[in-house]
Amino acid sequence: MYEFCPHCGLKYEVEPGYFYGAMFVSYAISGGVALVLGFLLFYLAGDPGGWVYVAVIAPAMVLIAPVNFRFSRVLWLHYVAGIKYQPGL
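Residues numbered from 1 in each chain as written. Predicted model: local features only at pLDDT ≥ 70, side-chain atom pairs only at ≥ 80, totals over all residues. Heavy atoms only, no water.

Caption draft 1: Seen up close, the nonpolar core. With 8 residues, the main nonpolar core is built from Cys5, Tyr12, Tyr18, Phe19, Ala22, Val25, Trp76 and Leu77. Only helix 1 (20-44) and helix 2 (50-80) provide two or more residues apiece to this core. (Core = buried A, V, L, I, M, F, W, Y, C linked by side-chain atoms within 4.5 Å. Buried < 20%, exposed > 50% of the residue type's maximum accessible area, 1.4 Å probe, protein only. Helix = DSSP H or I, 4+ residues; strand = E, 2+ residues; numbered from the N terminus.)

Caption draft 2: Seen up close, the side chain of asparagine 68. Relative to the helices and strands, asparagine 68 resides in helix 2. Those residues in contact with asparagine 68 that sit more than four places away from it in its chain are Ser26, Ile29 and Ser30. (Contact = heavy atoms within 4.5 Å.)

Caption draft 3: Structural detail: helix 1. Taking 1.5 Å per residue as the helical rise, helix 1 with its 25 residues ought to reach 36 Å, and the 36 Å between its terminal C-alpha atoms agrees with that figure. Those residues of helix 1 that fall on the buried side of the exposure criterion are Gly21, Ala22, Val25, Ser26, Ser30, Gly38 and Leu41. Glycine 46, located one to two residues past helix 1, shows a positive phi value of around 75°. (Expected span 1.5 Å × (residues − 1).)

Caption draft 4: Region of the structure containing the packing of aromatic side chains. Counted according to the given criterion, the structure contains 2 aromatic pairs. Both rings, one in phenylalanine 39 and one in tyrosine 43, keep their centres 6.4 Å apart while their planes meet at 15°; by these two values the pair is stacked. Placement of the pair is phenylalanine 39 and tyrosine 43 together in helix 1, with a separation of 4 residues, close to one helical turn. The exposure class assigned to phenylalanine 39 is partly exposed, which follows from its relative accessible area of 47%. Judged by relative accessible area, tyrosine 43 falls into the exposed class, the value being 61%. (Phe/Tyr/Trp six-rings, centres within 6.5 Å; stacked < 30°, edge-to-face > 60°.)

Laid out in structure tokens, this is it:
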């Protein structure tokens, strides 16, 4: 992630440790994706064995990790923390 916005120059790192909250947003997104995948496996595959759940959900978590990392920071920055761009400051 950029240190400064290339468009407006807003510094993303407001204070040290500011994005710890994004970790919880990321955890919620990952949990939601895992829950949806688990329900889909349960209903569409007829409740397979536990290793099938692990074999499907674990790689999915690894694959969405880069997107989840950035998306959770953007959500935390804009929607949860309420940081808005103010020109001239």
